[in-house]
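# Structural description and commentary
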2 protein chains.
Amino acid sequence: MRVRPKNHHKINYRGCFRINILNKKIGVIGGGQLGKMMILEAKRLGLYVITLDPSIDCPSSSISDEVIAAGFHDGDAIRRLAEKTDVITYEYEHINAGVLAELENRGHKIYPSVSSLLLIQDKFTQKTKLSDGGLNVPRFKSIETLEELQKYADNSGFPVMLKSRKDGYDGKGNFLIREKSEIETGFNSLGGKLLMTEEFIDFLTEVSVIAVRGINGEKAVYPIACNTHRNNILDTTEVPAALPSESLRVDILEAAERVMDIFEGVGTFGIEMFIGKNNKIYINEVAPRPHNSGHYTIEGCRANQFENHIRAITGLPLGETKLLHNFVLMRNLLGQSNGMAKTEGTEEAYRIYNGVNIHVYGKRESKTGRKMGHYTITGDSPGQVREIDAKISGIVKITGGEIDL
Amino acid sequence: MRVRPKNHHKINYRGCFRINILNKKIGVIGGGQLGKMMILEAKRLGLYVITLDPSIDCPSSSISDEVIAAGFHDGDAIRRLAEKTDVITYEYEHINAGVLAELENRGHKIYPSVSSLLLIQDKFTQKTKLSDGGLNVPRFKSIETLEELQKYADNSGFPVMLKSRKDGYDGKGNFLIREKSEIETGFNSLGGKLLMTEEFIDFLTEVSVIAVRGINGEKAVYPIACNTHRNNILDTTEVPAALPSESLRVDILEAAERVMDIFEGVGTFGIEMFIGKNNKIYINEVAPRPHNSGHYTIEGCRANQFENHIRAITGLPLGETKLLHNFVLMRNLLGQSNGMAKTEGTEEAYRIYNGVNIHVYGKRESKTGRKMGHYTITGDSPGQVREIDAKISGIVKITGGEIDL
């Protein structure tokens, strides 16, 4: 009997066991839940996966062939990842695009491409590109000084949505200025530079579309999802979204395809849109990666958003995206307290209904408000599914407890 | 930047990072494709998995939290696996049941239970138990001497199906005696002990049912699959099986449930049956584990056979088993030559149809006839699906090539 960590041999006999089944090794920057769910699909195809993440025990860790423990801005580590892999992708867009550009110029495959990434990383260039491409976006303006912001507010009236152009997510980097006295606080709290204002859309509903585009431009689009947020973090996704008209549905799907072409996106993208009270579509935000609002596709669709991401970045044709159930609901499970993660209520929830799946990301530490998992319910009707959700949403929880060895 | 194998820290800080998300750590004996596909489901639930397999680079290796490299009869290794985990399961039934019995007696959880395993490991006790439980099986008789076999053949006529009572699979351990002159050859080729004869059933069709039973006796049964074999190895599975009558369908499903109760099976079982030309059902063989003919459930059903296996052995209620598509076909991909495994044709197959999934198990070495992967096609009708299968079955292949570093 030999007991050793499974990858130990990879150090001793370097290269010798790094066999590449499908002629592709994939590097994933970011080992959180999105990376983990990508790898679960890559492993079905027999691919070899290396994860780069600051944390050696990130969710992807236990299912990656190798882990490079390094920060998202560590150029040396990203170069090393490129040397060891055939294609690099990422589950997080706030990474070192400069090094990726250098690698892409040297012929390394990076998908989505660095030009897509650079345009999207900066919300101002993202919105400019969308607007130039003929898509409707909330009115926006770059802000460089406090005076400029004050002048803008005087003209536009309140509220004013002030955003950092870079690094924001889950509402971080946003400040809603409700009255004149908050202008300076807002400006300073976002660091006073690289800011933009955005028209505040009093929307009817918030939807998202998960869209995928292959290297050759082939596109696949998932059904439209309706999202609700709580404290700026996605709370639930319901699919298909109830929409006021069929023509709006067609317009939303067409807009999603146009977004993919505008950014020449390769891989799975999440596209958030507002439906205004005027029934107009506003593109709110584009994420160049699989998206939280697309987790429903794991149980909901034939090929889920992660499988299609892997297909796209490895040059494979895309899989079927239609919904397999009448109605699907996804609910995020946020940490309810701090400490070592503990999941409760799985058994009880599964006893209530056999069309529920609870996903636990495997983060060691729960923190209040941290995304720790999600569940998906599939069923025959919105009424049935929501009734089950109402029952189990109070039962399933992830909390922080004492260390458990 | 720190580069190290992902489990390295588990050695340095033993225990410290072995955090148990769902309060369950699972030990899996056998790291082949069945073990790998179990782990892919266990990981969605956030479970911690340790694999025991003779080969450190088995298919499960890269997605297990730890690998114990040891033989299936290595008692010390199995004891060590038990110490480290809350529940042990297996993907292969020809393992050291003696040690498992000792562990079960000491209170370790082993699912399926050792009594199920012992009854099933020996085909004679398996058939006896089935027959005593009122199920129809091919007539069978234990054979201890050559004379006994000769006498049996004189009475029964030819052909005579001679089987090893233990360790047989994929036709290994079977010998079809076609005439008197082959009796001695057959007897000796199977080692001359622990043998049995079985009535040779000239069947109309061969079906299988994947059935799951929870610790508390809850049962879930998948749709009936129709199987074809080539060289005694499963070639294709089609679901739903075309059957001469609805009453036969009901009888088959009832028989499957009865099998689970007779063996008090916990977990997913594969139950193979012959449908005789007389329309009678004969239970051919029971496997106390997920089964090759149940791979179609990954794309075909809401909860696949591996997810339900993990649910059953961890005490969770079972997931939905109904078919999501009109028709599903699974085809095994056997190695076509010897050498380092290479998969060809994935891109072309995916281009032909977007409802195909190719699964590559990640075995380093291809051998002629070795199970290297499979593909599943879902579609609207048998005609459509078989037409696609006819196109892609010549395109997708796994062969052995030179070492590729």
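Presented here is an overview of the structure given in this document. (Residues numbered from 1 in each chain as written. Chains lettered and ligands numbered in written order. Predicted model: local features only at pLDDT ≥ 70, side-chain atom pairs only at ≥ 80, totals over all residues. Heavy atoms only, no water.)

Take the overall build of chain A next. What chain A contains, in helices and strands, is 13 helices and 22 strands. Since a compact globule built from 405 residues should have a radius of gyration of about 22 Å, the 22 Å found for chain A is in line with a globular shape. The dimensions of chain A, computed from C-alpha atoms along their principal axes, are 75 × 55 × 45 Å. By residue count, 62% of the 405 residues in chain A fall in the buried class. Summarising the internal contacts of chain A: among those between residues at least 6 apart in sequence, 62% fall at separations of at least 24. Within the structure as shown, chain A displays about 15000 Å² of accessible surface, and the carbon and sulfur contribution to it stands at 46%. Seen as two clouds, the 51 positive and the 51 negative side-chain charges of chain A have centres 5 Å apart. (Helix = DSSP H or I, 4+ residues; strand = E, 2+ residues; numbered from the N terminus. Rg over C-alpha atoms; globule rule 2.2 N^0.38 Å. Buried < 20%, exposed > 50% of the residue type's maximum accessible area, 1.4 Å probe, protein only. Contact = heavy atoms within 4.5 Å. Areas by Shrake-Rupley, 256 points an atom, 1.4 Å probe, with all protein chains shown as cover. Lys, Arg positive; Asp, Glu negative; His and termini not counted. Charge placed at Lys NZ, Arg CZ, Asp CG, Glu CD.)

Residue and element names in this part refer to chain A. Neither face of strand 4 (residues 66-69) is left uncovered, since the one carrying Glu66 and Ile68 and the one carrying Val67 and Ala69 both have all their residues buried. Sheet topology places strand 3 (residues 48-53) next to strand 4; 4 bridges connect them, and they run parallel. Pairing of aspartate 53 across the sheet is with alanine 69, part of strand 4. (Pairing = 2+ DSSP bridges.)

This part is about the pattern of salt bridges. A full pass over the atoms with the stated rule returns 54 salt bridges over all chains. The closest approach of N and O atoms between Glu285(A) and Lys163(A), which form a salt bridge, is 3.7 Å. Taken as a pair, Glu285(A) in strand 16 (residues 281-287) and Lys163(A) in strand 8 (residues 160-164) lie far apart in primary sequence, 122 residues in all. Of the charged contacts, one joins Arg386(B) and Glu238(B) as a salt bridge, the two residues approaching to 2.6 Å between their closest N and O atoms. With Arg386(B) in helix 13 (residues 382-392) and Glu238(B) in strand 14 (residues 233-239), this residue pair connects regions lying 148 residues apart in the sequence. Connected through salt bridges with shared partners, the residues Lys123(A), Lys127(A), Lys163(A), Glu198(A) and Glu285(A) form a single ionic network. (Salt bridge = Lys/Arg side-chain N within 4 Å of Asp/Glu carboxyl O.)

Tallied over the entire structure, the rule returns 5 cavities of 30 Å³ or more. Size it by volume and the largest cavity reaches roughly 500 Å³. Where the lining of the largest cavity is concerned, the elements lending two or more residues are helix 2 (33-44), helix 10 (297-300), helix 11 (305-313) and strand 19 (356-360) of chain A together with helix 2 (33-44), helix 10 (297-300) and strand 19 (356-360) of chain B. Of the residues belonging to the lining of the largest cavity, the class tally is 13 nonpolar, 7 polar and 11 charged. (1 Å grid on protein atoms, 1.4 Å probe; cavity = no way out; pocket = protein on both sides within 12 Å on 5 of 7 lines; lining within 4 Å. Points joined across faces, edges and corners; volume = space filled by probe spheres on them. Nonpolar A, V, L, I, M, F, W, Y, C, P; charged D, E, K, R; others polar.)

Residue and element names in this part refer to chain A. Reading across from one edge, 20-18-22 is the order of the 3 strands in this open sheet, with antiparallel pairing throughout. The strands lining the two open edges of the sheet, one partner per strand, are strand 20 (365-366) and strand 22 (397-401). Pairing between strand 18 (residues 339-344) and strand 20: 2 bridges, direction antiparallel. Counted as the bridge partner of methionine 340 is glutamate 365 from strand 20.

Moving on, we come to the side chain of Thr237(A). All names here are of chain A. Looking at where threonine 237 falls in the secondary structure, it is placed in strand 14 (residues 233-239). At 2.9 Å, the side chain of threonine 237 and the side chain of asparagine 227 are in polar contact. In this view, threonine 237 contacts Ala225, Cys226, Asn227, Ser293, Tyr296, Val328, Leu329 and Met330; residues no more than four positions away in its chain are not counted. (Polar contact = N/O pair within 3.5 Å; in protein donor to acceptor, adjacent residues only side chain to side chain.)

Let's shift gears to the sheet that holds strand 8 (residues 160-164) of chain B. Residues and elements named next belong to chain B. One open sheet accounts for 4 strands, arranged 7-10-8-9; its pairing is antiparallel. One side of each edge strand has no neighbouring strand; the edge strands of this open sheet are strand 7 (140-143) and strand 9 (174-177). Averaged over neighbouring strand pairs, the angle between their axes works out to 25° when direction is ignored. By the bridge criterion, 4 bridges tie strand 8 to strand 10 (residues 195-198) in an arrangement that is antiparallel. Within strand 10, the position partnered with serine 164 by the bridge is leucine 195. With respect to the sheet, helix 7 (residues 146-156) is in contact with strand 7, strand 8, strand 9 and strand 10, its orientation differing from that of strand 7 by roughly 155°. (Axes fitted to C-alpha atoms, helices over the stretch in contact; angles between N-to-C directions.)

Geometrically, a pair of aromatic rings is defined through the distance of the ring centres and the angle of the planes. As enumerated under the stated definition, the model contains 6 aromatic pairs over all chains in all. Considering the side-chain rings of Phe124(A) and Phe140(A), the 5.6 Å spacing of their centres and the 70° angle between planes classify their relative orientation as edge-to-face. Taken together, the residues Phe124(A) in helix 6 (residues 123-132) and Phe140(A) in strand 7 (residues 140-143) connect sequence positions 16 residues apart. The residue whose ring lies beneath Arg311(B) is Tyr350(A), and the NZ or CZ to ring-centre distance is 3.8 Å. (Phe/Tyr/Trp six-rings, centres within 6.5 Å; stacked < 30°, edge-to-face > 60°. Lys NZ or Arg CZ within 6 Å of the ring centre and 35° of its normal.)

This next bit is on the packing of helix 4 (residues 97-105) of chain B against helix 5 (residues 114-121) of chain B. Residues and elements named next belong to chain B. Taken N-terminus to C-terminus, the directions of helix 4 and helix 5 make an angle of 160°; their axes are 10 Å apart at the nearest point. Compared by their axis directions, helix 4 and helix 5 come out roughly antiparallel. Like other packed secondary-structure pairs, helix 4 and helix 5 cross with a definite hand, here left-handed. Of the residues in helix 5, those touching helix 4 at Ala97, Leu100, Ala101 and Glu104 are Val114, Leu117, Leu118 and Gln121. Residue classes in the contact of helix 4 with helix 5 are distributed as 6 nonpolar, 1 polar and 1 charged. (Parallel < 35°, antiparallel > 145°, perpendicular 65-115°, else oblique. Left-handed = near helix turned anticlockwise from the far one by under 90°.)

For the rest of this paragraph, the subject is the environment of Glu147(B). On the secondary structure map, Glu147(B) appears in helix 7. Here the alpha-carbon distance between Glu147(B) and Ile183(B), two residues 36 residues apart in the chain, equals 9.9 Å.

Residues and elements named next belong to chain B. Where helix 5 meets helix 6 (residues 123-132), the closest approach of the two axes is 5 Å, and the angle between their N-to-C directions is 105°. In terms of their interaxial angle, helix 5 and helix 6 are classed as roughly perpendicular. Each of Leu118, Leu119, Ile120 and Gln121 in helix 5 lies in contact with helix 6, whose residues at this interface are Lys123, Thr125, Gln126 and Lys129. Here the contact of helix 5 with helix 6 is composed, by residue class, of 3 nonpolar, 3 polar and 2 charged.

Residues and elements named next belong to chain A. Most of helix 11 is tucked away: 9 of the 9 residues are buried. Of all the residues in helix 11, the buried ones are Gln305, Phe306, Glu307, Asn308, His309, Ile310, Arg311, Ala312 and Ile313. By the N-cap criterion, in which a side-chain oxygen at the helix start approaches the backbone nitrogen of a residue two or three places on, helix 11 is capped by asparagine 304, the distance to phenylalanine 306 being 2.8 Å. Note on helix 11: the residue one or two positions beyond its end, glycine 315, has a positive phi of about 80°.

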